[in-house]
Amino acid sequence: MTKLWGGRFTESASAQAEAFGASITFDQKLASVDLKGSLAHAQMLFEQGILAQDEWTQIEQGLKQLETTLADHSYTLADEDIHMNLERLLTEQIGPVAGKLHTARSRNDQVATDLHLWMEQHVEALTTALRELQSVITEQAEQHIETVMPGYTHLQRAQPISLAHHLLAYFWMFERDVERLTDNQKRIRKSPLGAGALAGTTFPIDRFRSAELLGFESVYPNSLDAVSDRDFVIEYLGIASTVMMHLSRFCEEIIIWASQEFGFIELSDAFSTGSSMMPQKKNPDFAELIRGKTGRVYGNLMGFLTTMKALPLAYNKDMQEDKEGVFDTADTVLQSVQIFTGMIESATFKTEALKKATMQDFSNATELADYLVTKGIPFREAHEIVGKAVLYCVQNGCFLKDLNLETYQTFHPDITEDVYPLLDPVQAVARRTSYGGTGFAAVSEQLELAKQHLAN
């Protein structure tokens, strides 16, 4: 087949080179947005008097017909990319007038426009999926405001906390992800259409009109930047990496909690697998998969950053490498959020096991230190006293709640019977009423705030 750009050439590319340079195997994902961009461009050309009425009518009808039959078409490597494949199909449908569609447009601004449009749709879908996950988190949190569990630092038991408080920590991580995606849309909703190959065009186009038709919020003021900018892609890949990092952290905890050693959570059979050899196994495979796919998303970010780091202005073929990575990341992160949402929604938290764990550790040691401070003892001195009491318990195989008053008073005479209620983990959690703390009242307030964010 004759190339649409082949007038300057006397030889055909080798079959291997042609296949190596083609992008149609992956950029066909852009088909629907490519037609959308072409329709807006053609309408603008008509409104500017660059296309005649009959030319615009034929092109409009042809593009709309292609929209309804996209699923019926197959694409060829000979036409390299989705833009030339669709132009070929349009030409077969309406004849040579299809060639006028490319007036005042290059594949450089065309592909950039397509990517902006495609990413806008994806970011909206990902934002919706994150909101659904946040909603599930709030539903689980609402059931577990007064469920106590060990809080950890260094994966060592630190202080008792509310399970709802722990869950809501992830709500706020995903809230920041939503905020970043919303901000990313400011750069995504910027139109490069009409920038041409790199220098604009001599035709009297109206870039603001085509941007308006496509729903963009602004227009690139520099044609070189318009066709060579992929900051919005890199920014998205960074945000997606952060989303995956947050999911991976949560997955790591679920994997640990689902183990027999912890026994804090029971995952639904729908989100677990078994072993081909060991019939007793119930594996948190989907949490592990999400954790594993995080590295893949990081790789796409680092790969494209490396691709872009030394490119001179304006467009270079290297930039074709933007699509496979961003498509893979988009599919991976969206599916991961959706799978994770179902996994958390159907999970059962073992409330008795969580509470029991707080009764068999020293996570109430801070309560004893704070108690001593109320007796007028400086915190540093109180810290040392409690440390000695903990050491005594470790050496004697007991916990702070097990010590009798006589033993306590060997550590400090001001310790009296009123210390025992404060060592109860439920009371220890309930008393932490500071804003953002794990106290039941504070967590209830936090949950209402989370719901307000979801409602906005």
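Every chain is numbered on its own, with residues counted from 1 as its sequence reads. Only residues with pLDDT of at least 70 are given local features in this predicted model, and only at 80 or more are side-chain atom pairs given and counted; all residues enter the totals for whole chains, interfaces and linings. As a rule here, side-chain values cover all heavy atoms of the structure and leave hydrogens and water aside.

The chain goes by Argininosuccinate lyase in an unreviewed UniProt entry, where it is assigned to Exiguobacterium indicum. According to the UniProt record, the Pathway (unreviewed entry) comment for the chain is "Amino-acid biosynthesis; L-arginine biosynthesis; L-arginine from L-ornithine and carbamoyl phosphate: step 3/3." For the chain, the Subcellular location (unreviewed entry) comment in UniProt is given as "Cytoplasm". UniProt positions are given in the numbering used here, feature names are shortened, and annotations may be inferred rather than shown by experiment.

Undergrad: Is there a simple way to explain unusual backbone geometry in this structure?
TA: One can expect most non-glycine residues to show negative phi and most peptide bonds to be in trans. With an omega of 5°, the peptide bond between L313 and A314 qualifies as cis. The helix count covers DSSP runs of H or I at least four residues long, the strand count covers runs of E at least two residues long, and both are numbered beginning at the N terminus. Its place among the elements puts A314 in the loop between α11 (285–308) and α12 (322–345). Despite not being glycine, E80 shows a phi value in the positive range, around 70°. Here E80 lies in the loop between α4 (53–68) and α5 (82–94). Since its relative accessible area comes to 13%, E80 is described here as buried. For the exposure calls, accessible area comes from a 1.4 Å probe over protein chains only, and a residue counts as buried if that area is under 20% of its type's maximum, exposed if over 50%, partly exposed in between.

Undergrad: Teacher, can you tell me more about empty space enclosed by the protein here?
TA: Over the atoms a probe the size of a water molecule is rolled, and this reveals where empty space is left. Whether a set of points on the 1 Å grid over the protein atoms alone is a cavity depends on a 1.4 Å probe fitting there but being unable to get out, while an open set qualifies as a pocket with protein on both sides within 12 Å along at least five of seven lines; lining residues are those with an atom within 4 Å of a point. Grid points are joined across faces, edges and corners, and a volume is the space filled by probe spheres set on the points. Across all of its chains, the model carries 1 cavity of 30 Å³ or more by this definition. Computed from the structure, the largest cavity encloses a volume of approximately 60 Å³. As for the largest cavity, its lining consists of D34, L35, S38, L63, L66, H83, L86, E87, L90, L101, R105 and Q110. Listing elements by their share of the lining of the largest cavity, those giving two or more residues are α3 (31–47), α4 and α5. A total of 4 residues in the lining of the largest cavity trace back to one element, the largest contributor, which is α5. Throughout this entry, Asp, Glu, Lys and Arg are counted as charged residues, while Ala, Val, Leu, Ile, Met, Phe, Trp, Tyr, Cys and Pro are counted as nonpolar. The remaining residues, Gly among them, count as polar. Counted by class, the lining of the largest cavity contains 6 nonpolar, 3 polar and 3 charged residues.

Undergrad: It is not clear to me how the packing of helix α10 (residues 231–257) against α11 should be interpreted in this structure. Could you clarify?
TA: Working note: a packed helix pair is described by the angle between its axes plus the distance between those axes. Here an axis means a line fitted to C-alpha atoms, over the contact stretch when the element is a helix, while the angle between two N-to-C directions is reported on a 0 to 180 degree scale. Axis separation between α10 and α11 bottoms out at 8 Å; the angle between their running directions is 160°. Our classification of the angle between α10 and α11 gives roughly antiparallel. Of the two elements, α10 crosses α11, and the hand of that crossing is left-handed. To sort the angles, those under 35 degrees are grouped as roughly parallel, those over 145 as roughly antiparallel, those from 65 to 115 as roughly perpendicular, and the leftovers as oblique. Two helices cross in a left-handed way if the nearer one is turned anticlockwise from the farther one by less than a right angle. They cross in a right-handed way if the turn is clockwise.

Undergrad: Sorry if this is basic, but what is going on with the UniProt feature "domain: Argininosuccinate lyase C-terminal" (unreviewed entry) in the chain here?
TA: Following the UniProt record, one finds the feature "domain: Argininosuccinate lyase C-terminal" (unreviewed entry) at residues 362–430. Between the C-alpha atoms that bound residues 362–430 the distance is 17 Å, and the span itself is 59% helix and 0% strand.

Undergrad: Help me out: how do you make sense of the pattern of salt bridges in this one?
TA: One side chain can pair with another of opposite charge once the charged atoms of both are near each other. What makes a salt bridge here is a side-chain nitrogen of Lys or Arg within 4 Å of a carboxyl oxygen of Asp or Glu, nothing more. A full pass over the atoms with the stated rule returns 32 salt bridges. Note that K29 and D331 form a salt bridge whose closest N and O atoms lie 3.5 Å from each other. Here K29, found in the loop between α2 (24–27) and α3, pairs with D331, found in helix α12; they are 302 residues apart in sequence, far enough to count as distant. A salt bridge links E266 to K282, with the shortest nitrogen-to-oxygen separation between them at 2.7 Å. Residue E266 is found in strand β5 (residues 265–266), and its partner K282 is found in the loop between β5 and α11; the two are separated by 16 residues along the sequence. Accessibility expressed as a relative area gives 33% for E266, which makes it partly exposed. A single network of salt bridges, built from pairs that share partners, joins E120, E124, R189 and E217.

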